[in-house]
Amino acid sequence: MAPTLPLVPKSRQIRIAALGESDAPSYRALMLHAYAVAADAFTSTPQERAAEPLSWWVARLADPQGLSHAFGAFLGDELLGTVTLEFSAKPKTRHKAHLIGMFVAQAARGQGAGRALLQAAMRLAGDRPGVRVVTLTVTEGNAPAIALYEALGFERFGLEPMAIATPQGFKAKVHMWRDMRPASAIGGAA
């Protein structure tokens, strides 16, 4: 059974912050919870990730190359949501960033945490020189997530059939992208 997370009182405000090394234990706990309660949203299983040492989780949050940046949604000191933005080091793909690991605990949903996490990631992508595209994948049928991504300017560009195997059968992944160029640059020289 997945660990439960506390209910979020409506009167408290959620804060978005970059995650760092000291957040690794909370991040690990949240993501293990996510892998268990939203299994179809992730390609990793809770068993796979529970076997990783804390140093693996630290490396995800404190990437010395600066290619991975994770954000957290906090209520007080409690981490209730996260998203990670990964940049490419390869010369031919440096213009792209990829969103991964998006999750907001059920108790914090409907309070703007997901939107605020995505906005923080998109601001970072927009501030990174040369980034023109942000991509992501989302499991087909996850209507709330797809609606949120579309509300923030993401568009569907493909469907990967049989992307993940689940106990109920195969599930497809929707591929989405967002053009990060200013509106005046779209349609002009790339």
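In case you missed it, the structure is sitting above this.
Residues numbered from 1 in each chain as written. Predicted model: local features only at pLDDT ≥ 70, side-chain atom pairs only at ≥ 80, totals over all residues. Heavy atoms only, no water.

## Here's the deal with the overall build of the chain
(1) Moving on: When you go through the chain residue by residue, the secondary structure sums to five helices and seven strands.
(2) Moving on: Residue pairs at least 24 apart in sequence account for 62% of intrachain contacts in the chain once pairs closer than 6 positions are excluded.
(3) Moving on: Carbon and sulfur atoms provide 55% of the accessible area of the chain, an area that totals close to 10400 Å². (Helix = DSSP H or I, 4+ residues; strand = E, 2+ residues; numbered from the N terminus. Contact = heavy atoms within 4.5 Å. Areas by Shrake-Rupley, 256 points an atom, 1.4 Å probe, with all protein chains shown as cover.)

## Notes on the sheet that holds strand S1 (residues 15-18)
Across a sheet, paired strands are connected by hydrogen bonds in the backbone, their directions being either parallel or antiparallel.
(1) Moving on: Spatial strand order, S1-S2-S3-S4-S5-S7-S6: seven strands in an open sheet with mixed pairing. Edge positions in the open sheet fall to S1 and strand S6 (155-166), since each of these has one partner strand only. Adjacent strand axes in the sheet meet at a mean angle of 25 degrees, parallel and antiparallel pairs treated alike.
(2) Moving on: By the bridge criterion, eight bridges tie strand S2 (residues 68-75) to strand S3 (residues 78-87) in an arrangement that is antiparallel. From the neighbouring strand, Phe74 faces S3, where its bridge partner is Leu79.
(3) Moving on: Contacting S3 and strand S4 (96-104), helix H1 (residues 24-37) runs over the sheet at an angle of about 85 degrees to S3. (Pairing = 2+ DSSP bridges. Axes fitted to C-alpha atoms, helices over the stretch in contact; angles between N-to-C directions.)

## Description of the pairing of strand S5 (residues 133-139)
(1) Moving on: Among the seven residues in S5, six count as buried, and that is most of the element.
(2) Moving on: Looking at chain direction, S4 and S5 are connected through three bridges and run parallel. Pairing of His98 across the sheet is with Thr135, part of S5.
(3) Moving on: Considered for its hand, the β-α-β crossover made up of S4, helix H4 (residues 113-127) and S5 is right-handed. (Buried < 20%, exposed > 50% of the residue type's maximum accessible area, 1.4 Å probe, protein only. Right-handed = clockwise from strand over helix to strand, strands pointing away.)

## Some words on the packing of H4 against helix H5 (residues 143-151)
(1) Moving on: Running from amino to carboxyl end, H4 crosses H5 at an angle of 45 degrees, the nearest separation of the two axes being 11 Å. Here H5 runs oblique to H4, going by the angle between their axes. The way H4 lies across H5 gives a crossing that is right-handed. Residues Gly114, Arg115 and Leu118 of H4 lie in contact with H5, whose contacting residues are Leu148, Tyr149 and Ala151.
(2) Moving on: For the contact of H4 with H5, the class distribution of residues is four nonpolar, one polar and one charged. (Parallel < 35°, antiparallel > 145°, perpendicular 65-115°, else oblique. Left-handed = near helix turned anticlockwise from the far one by under 90°. Nonpolar A, V, L, I, M, F, W, Y, C, P; charged D, E, K, R; others polar.)

## A short note on the layout of surface pockets
(1) Moving on: Quantified by volume, the largest pocket comes out at close to 900 Å³.
(2) Moving on: Every residue lining the largest pocket is counted, 39 residues in all, and those nearest its centre are Ala41, Phe42, Met102, Phe103 and Tyr149.
(3) Moving on: The residue makeup of the lining of the largest pocket, split by class, is 21 nonpolar, eleven polar and seven charged.
(4) Moving on: Here the second largest pocket is characterised by a volume of approximately 200 Å³. (1 Å grid on protein atoms, 1.4 Å probe; cavity = no way out; pocket = protein on both sides within 12 Å on 5 of 7 lines; lining within 4 Å. Points joined across faces, edges and corners; volume = space filled by probe spheres on them.)

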